[in-house]
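Structure at a glance
Spelled out from the first residue to the last, the chains are:
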There are 2 protein chains.
Amino acid sequence: MSRALNFYAGPAALPLEVLEEAQKELLDFHGDGVSVMEMSHRSKTFDEVITTAQANVKKVLGLGDDYETLFLGGGASTQFAMIPYNFLKEGLVANYIDTGSWSTNAIKESKKLGETNVIASSADKDFSYIPKDFKVDSNAAYLHYTSNNTIRGTQYHFIPDAGNAPLVCDMSSDFMSKEMDYSKFSLIYAGAQKNVGPSGVAVVVIKKDMLSRIREGDLLTMLNYNTHVNKNSMFNTPPCFPLYIVGLVMKWILNKGGLKAIEKMNDEKANVIYGAIDNSDGYYRGTAAQDSRSKMNVTFRLPNEDLEKKMIAEAAERKMLGLKGHRSVGGLRASIYNATSLDAVSALADFMKEFKSKN
Amino acid sequence: MSRALNFYAGPAALPLEVLEEAQKELLDFHGDGVSVMEMSHRSKTFDEVITTAQANVKKVLGLGDDYETLFLGGGASTQFAMIPYNFLKEGLVANYIDTGSWSTNAIKESKKLGETNVIASSADKDFSYIPKDFKVDSNAAYLHYTSNNTIRGTQYHFIPDAGNAPLVCDMSSDFMSKEMDYSKFSLIYAGAQKNVGPSGVAVVVIKKDMLSRIREGDLLTMLNYNTHVNKNSMFNTPPCFPLYIVGLVMKWILNKGGLKAIEKMNDEKANVIYGAIDNSDGYYRGTAAQDSRSKMNVTFRLPNEDLEKKMIAEAAERKMLGLKGHRSVGGLRASIYNATSLDAVSALADFMKEFKSKN
C-alpha cells in the first residue's frame, strides 16, 4: 500500500497515526470486545471517549470552565441557521462580514430569521480579500465571520473587533491551525472534516454566558443550544465514530506540542507553496490578495485552462489528489491542512517547478 | 481478541464481516491511497459509495424510482422537527399515535409548529401495548407512528391504515428487520445506529410526491427536504464514514438473502428469548403485552430488583453487554437487532435458565 499525497479540500487528510490507531482497535475497543461503533453512547467506555475529547478541545484552544464543547450533527450548515435562530432577538440586528461562499450562506439563513446587516463584504473584488474596515452596530446580536474561505483561498490573519457584541466564528477550514486568543470568541464552530476529523460532526465551542442570550419561546429542541449544553452533547445519540476520531486528533495535536507547533508547521508549508508560486515569474498566479492569503487552501491559476487540466491530470498520475479548484472558481487549489505533511507540500512544489519547465 | 455478546440498545451490534471489511480498507480505500474518511465527498470514488448505498436501501425495501434515499445528520430527533416543519400546513392537522418515548418527543415538536392531534395512545397502560383503534382526521397532514419502542419493548406487527393521508414512520429501532409492503409509506426515517449502521446518520426514504406537499415560504435550508433531495444528499458534506458503513450493511443484508431471510433469523431469535421468559414459571416477566412484543428489544423483569442487579452483573462477567433496562423503566432489556446472532441469543437464554435455577 502506498499512501497518496492528499490535497483534498475536505473531507481531507487525517494523521496517519490516528488512522492506524482507529484501524487497530476497530473490532475491539479498549478490551470491551465490541467496536467503538457498537457500544451505547451512555456506556462507561464511551463516556470516557466523549468527555476526554470535550476537555481536550478546550485544552488545545486554551479555554477554561466558562466554555462548553458540543459535538453536533448536521454540519456547519446547520449552525448557519442555529445561530440566528437562538440569538437574533427582536430589536437586535445580526452583523455579518461577507467573504463569500460560506459566509454568504450563513447570511442567507440569518435574513430568514430577523434583521441582518452585512457590515463589510469583499464581493466587489470577487471575494479575493479580507475586508478590514467595518463598524459593528450598537444593537448587534453578534458579529459573525468566516475565518477562512476554502473556495477563494482567503484567510483572516487578525481577530475582528466586535466591540461589545459577542464574536461568532465559522472556523471550519482553519480550526486549530494556529495559536490565537480563543477567549475573544463567544461561539466557535467548525465542521470537523477539514482540520480535526472526518465529516459528520460539527465541533461547537460556546461560552456559557451565551446561554442567557437565547431568545424566549418554545424553540425546536434540536436547534436549541440549551438542549445540547444541558445534556453534555448527549441529548440524542451523537455521531459517535466521527467524534471518537476527533478525540484521537486532539491527542495527536497535544502530542505534537499543541497549536504553537502546529502553526509553525503550517507556516513552513505555506511558505514552500506560496514560494513556488511567487518565484515562477508569473507562470503561477495566486488568486487571493497577498495579505489575505490562506495558509490552508492555496488557490492559483496557470497561463491557460488547458495547462490547468494537464497539470491536474499529471498530478493525479503522481498520486497527488484533490488539486482541482472548486467548480465555482476554476483553477487549482492545494489544501494543506494540519495533517498534510511538509514532505507532501515540498513534492508538490517540486512538481510545480518541473511542470513549468516542461510546459 | 474475543468478541462480546452485544445486547446494546443502540449504538448496537454490527455484522462482523462489515467491521472486518472496514478495518481492512481503513487506510487505503479502493486503491486510492487514502482512507474513505479522507476523500472529497464529491470525488468519483465516494460518489460511487453514496449512490450505491442509496440504490441498495431502496433495493432492500423493494422500492422504485418514485422514492429517494437521503443520508442526513442530526439523528432521528431532527426528523421529529423536520416533518411538521415541512408538511404541517395551515388548515391541516398532524396526526400522531403515541406509544411513548420517541413518539412523545415527535409529538412535542409537532405541537410547536401547528395543530396536532394524538389520535391514539397507550399512555393509559404505561405504553405496554400498541393501540389498534384510531381514526385519521379527514384533513390530516400525515399520520406519524413509531414502529418499535426501544425502551418499552413494544412493536407494531401491522401497518396502520392512514386512509388518504401520507403515512410517516419512525422506524429507527426496527428498520429493515422484516418484510413489509414499504410502498405504503410516504416517508420512512431511521437513525442508523440500531439495525443498519453506526450513529451519526439518519436514513430517510421519501416518496417524491411528498415534495409537492412542502409548505410555501422561505424554509431554513437544512430543514427543507427539497434541499437534500435536489442535491442528492450532497447539499453539504454528508456524514461520509457512517453512510459508508450503512452501504456495507446493505450489501450484507442483500448477501444474506434480503429481508425475507433477515426476518426469519429475527423470528428465531425472538422465539428463543421469549421462550425462555414464558417457560420460566413466572420467574421472568415480559413487560409488553403479548401481541405487542418487540422482536428487537425484549424487556423483562425478575422477582425483585436485587436479582435484576445481580443478573446484569453476572452477565457482564460473561461478556454479555447492554442488558440493563432503560433508566426510565428499570428491569432488563436484551436488544437483538439484525446483527446479533442466534448463538448470542441462545447463550443468553441458557444463562437465564441457569440463573433462575441458582437464584
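Just so you know, these numbers come straight off a predicted model, no measurement behind them. (Residues numbered from 1 in each chain as written. Chains lettered and ligands numbered in written order. Predicted model: local features only at pLDDT ≥ 70, side-chain atom pairs only at ≥ 80, totals over all residues. Heavy atoms only, no water.)

**Side note on the sheet that holds strand β3 (residues 93-98) of chain B**
Residue and element names in this part refer to chain B. Filter applied, for reference: Two strands are said to pair when DSSP picks up at least two bridges between them. Counting from the N terminus, the helices are DSSP H or I runs at least four residues long and the strands are E runs at least two residues long. Only the stretch in contact is used when fitting a helix axis, every axis being a line fitted to C-alpha atoms; angles between N-to-C directions are given from 0 to 180 degrees. Two residues form a contact once any of their heavy atoms are found within 4.5 Å.
Reading across from one edge, β2-β10-β9-β8-β5-β3-β4 is the order of the 7 strands in this open sheet, with mixed pairing throughout. With partners counted over all chains shown, the strands left at the sheet margins are β2 (67-72) and β4 (116-121), one partner each. Across the sheet, the mean angle separating the axes of adjacent strands is 15° when strand polarity is ignored. As judged from the 3 bridges shared by strand β8 (residues 167-170) and strand β9 (residues 187-191), these two strands associate in the parallel manner. Bridge assignment links Asp 170 to a residue of β9, and that residue is Tyr 189. Packing of helix α2 (residues 44-61) onto the sheet brings it into contact with β2 and β10 (202-207), and relative to β2 it is tilted by some 125°.

**Quick word on the domain arrangement of chain A**
Residues and elements named next belong to chain A. For the record, the criterion: The source of the domain bounds is an automatic or database domain assignment. In this description, buried area is defined as the sum, over both parts, of the accessible area (probe of 1.4 Å) that is lost when the two are combined. Whenever Lys or Arg places a side-chain nitrogen within 4 Å of a carboxyl oxygen from Asp or Glu, that contact is recorded as a salt bridge. As used in this structure description, the phrase polar contact means that two N or O atoms lie within 3.5 Å; if the pair is within protein, one of them must be able to donate a hydrogen and the other to accept it, and residues adjacent in sequence are counted only when both atoms belong to side chains.
Here the domain parsing of chain A yields domain 1 (16-256) and domain 2 (259-358). Just the C-alpha atoms count here: the centres of domain 1 and domain 2 sit 27 Å apart. On the side of domain 2, 26 residues touch domain 1, which itself brings 28 residues to the contact. Taken together, the two surfaces of domain 1 and domain 2 that pack against each other cover about 2100 Å², and 55% of this comes from carbon and sulfur. When the buried surface of domain 1 facing domain 2 is broken down by residue, Ile 151, Gly 153 and Glu 179 rank first, second and third, together holding 24% of it. Taken together, the links from domain 1 to domain 2 amount to 1 salt bridge. With a shortest N-O distance of 2.9 Å, Lys 132 and Asp 291 are connected by a salt bridge. Taken together, the links from domain 1 to domain 2 amount to 15 residue pairs in polar contact (both at pLDDT 80 or more).

**Details of the packing of helix α1 (residues 16-24) of chain A against helix α6 (residues 240-256) of chain A**
All names here are of chain A. Under the convention used in this document: If an angle is under 35 degrees, it is roughly parallel; if it is over 145, roughly antiparallel; if it lies from 65 to 115, roughly perpendicular; otherwise it is oblique. Each crossing gets its hand from how the near helix is turned against the far one by less than a right angle, where anticlockwise is left-handed and clockwise is right-handed. Any residue outside Ala, Val, Leu, Ile, Met, Phe, Trp, Tyr, Cys, Pro, Asp, Glu, Lys and Arg is labelled polar, Gly included; the first ten of those are nonpolar and the last four are charged.
Two numbers describe how α1 lies on α6: the axes approach to 9 Å, and their chain directions differ by 135°. The angle between the axes of α1 and α6 places the two elements in the oblique class. Between α1 and α6 lies a crossing whose hand is right-handed. Here Glu 17, Val 18, Glu 21 and Ala 22 of α1 lie close against α6, whose contacting residues are Tyr 244, Ile 245, Leu 248, Val 249, Trp 252 and Lys 256. Along the lines of polarity and charge, the residues of the contact of α1 with α6 split into 7 nonpolar, no polar and 3 charged.

**What to know about the interface of chain B and chain A**
Taken together, the contact between chain B and chain A spans 64 residues of the former and 64 residues of the latter. Of the roughly 5000 Å² buried where chain B meets chain A, counting both sides, 60% is carbon and sulfur surface. For chain B, the biggest contributors to the area lost against chain A are Leu 27, Met 37 and Glu 38 of chain B; these three give 15% of the whole. Glu 38 of chain A is the salt-bridge partner of Arg 3 of chain B, the closest N and O atoms lying 3.0 Å from each other. Looking at the side of chain B that touches chain A, the elements that each hand over two or more residues are α1 (16-24), α3 (75-87), α4 (102-113) and α6 (240-256) of chain B. When residues of the side of chain B that touches chain A are assigned to their parent elements, the largest contribution, 6 residues, is made by α1 of chain B. Among the residues forming the side of chain B that touches chain A, the class breakdown is 30 nonpolar, 21 polar and 13 charged.

**Some words on the sheet that holds strand β11 (residues 285-286) of chain A**
All names here are of chain A. Taken in spatial order, the 3 strands line up as β11-β12-β14 in an open sheet, and their pairing is antiparallel. Of all the strands in the sheet, just β11 and β14 (332-335) have a single pairing partner and so form its edges. Here 4 bridges tie strand β12 (residues 297-301) to β14, and the two strands are oriented antiparallel to one another. Its bridge partner lying in β14, Thr 299 is registered against Arg 333.

**Focus on the nonpolar core**
This is how the line gets drawn: Residues grouped as a nonpolar core are buried Ala, Val, Leu, Ile, Met, Phe, Trp, Tyr and Cys residues, joined through side-chain atoms within 4.5 Å. Residue burial is assigned from relative accessible area. The probe radius is 1.4 Å, only protein chains are included, and a residue is buried under 20% of its type maximum, exposed over 50%, and partly exposed in between.
The biggest cluster of nonpolar side chains holds 126 residues, and the ones touching the most others in it are Met 176 and Ile 245 of chain A together with Met 176 and Ile 245 of chain B. Not counting chain neighbours up to four residues away, the residues in contact with Ile 245 of chain B comprise Met 37 of chain A together with Leu 14, Val 18, Ala 22, Val 196, Gly 197 and Pro 198 of chain B. Residues Tyr 85 and Leu 220 of chain A together with Phe 87 and Val 229 of chain B belong to the second largest nonpolar core, which totals 58 residues.

**Some points on the pattern of salt bridges**
Pairs can form between side chains of opposite charge once their charged atoms are near each other. Residues and elements named next belong to chain A. If you walk through the whole model with that rule in mind, you get 26 salt bridges over all chains. Asp 281 is the partner of Lys 356 in a salt bridge, and the nearest nitrogen-oxygen pair spans 3.7 Å. You can see Lys 356 sitting in helix α9 (residues 342-358) and its partner Asp 281 sitting in the loop between α7 (258-278) and β11, a full 75 residues away along the chain. Judged by its relative accessible area of 29%, Lys 356 falls in the partly exposed class. Each member of the salt-bridge network shares a partner with another, and the members are Arg 301, Glu 305 and Glu 308.

**Description of the relation of the copies chain B and chain A**
Rules: A least-squares fit on C-alpha atoms brings the copies together, and the residues used are those whose pLDDT is at least 70 in both copies.
Superposition record for chain B on chain A: RMSD 0.0 Å, screw rotation 180°, translation along axis 0.0 Å. When the rotation and shift are considered jointly, the pair of chain copies conforms to a two-fold rotation axis. When you check the interface residues of chain B against chain A, 100% turn up at the interface there too, and the contact is symmetric in its surfaces.

**Quick word on the side chain of Thr 237 of chain B**
Along the chain, the position of Thr 237 of chain B falls in the loop between α5 (225-230) and α6. Side chain to side chain, Thr 237 of chain B and Gln 193 of chain A meet in a polar contact 3.3 Å long. With residues near it in sequence (within four places) discarded, Thr 237 of chain B still touches Pro 11, Gln 193 and Ser 199 of chain A together with His 41 of chain B.

**Brief notes about the pairing of β10 of chain B**
Residue and element names in this part refer to chain B. Counting buried positions along β10 yields 5 of 6 residues, so the element is predominantly enclosed. As paired elements, β2 and β10 share 6 bridges and run antiparallel to each other. Bridge pairing in β10 places Phe 71 opposite Val 203. Pairing analysis gives 5 bridges linking β9 to β10, with the strands arranged antiparallel. Bridged to Gly 191 within β10 is Ala 202.

**Some thoughts on the environment of Asn 297 of chain B**
All names here are of chain B. Following the sequence through the fold, Asn 297 ends up in strand β12 (residues 297-301). Separated by 37 residues in the primary sequence, Asn 297 and Ala 334 have C-alpha atoms spaced 5.7 Å apart. Discounting residues that sit within four places of it in the chain, Asn 297 has contacts with Asn 148, Asn 149, Thr 150, Gly 153, Ser 173, Tyr 274, Arg 333, Ala 334, Ser 335 and Tyr 337. Polar contacts involving the side chain of Asn 297 include one to the side chain of Ser 335, which spans 2.9 Å.

**A closer look at empty space enclosed by the protein**
Heads up, the rule is: A cavity here means a set of points on a 1 Å grid, drawn over the protein atoms and nothing else, where a 1.4 Å probe fits but cannot get out; a pocket is an open set with protein on both sides within 12 Å along at least five of seven lines, and a residue lines either one if it has an atom within 4 Å of a point. Grid points are joined across faces, edges and corners, and a volume is the space filled by probe spheres set on the points.
One pass over the structure, following the stated rule, counts 3 cavities of 30 Å³ or more. Here the largest cavity is characterised by a volume of approximately 60 Å³. Taken together, Ser 77, Phe 80, Asn 105, Lys 108 and Glu 109 of chain A together with Thr 221, Met 222 and Phe 235 of chain B make up the lining of the largest cavity. For the lining of the largest cavity, the elements supplying multiple residues, two or more each, are α3 (75-87) and α4 (102-113) of chain A. A total of 3 residues in the lining of the largest cavity trace back to one element, the largest contributor, which is α4 of chain A. Across the lining of the largest cavity, the residue classes tally to 3 nonpolar, 3 polar and 2 charged.

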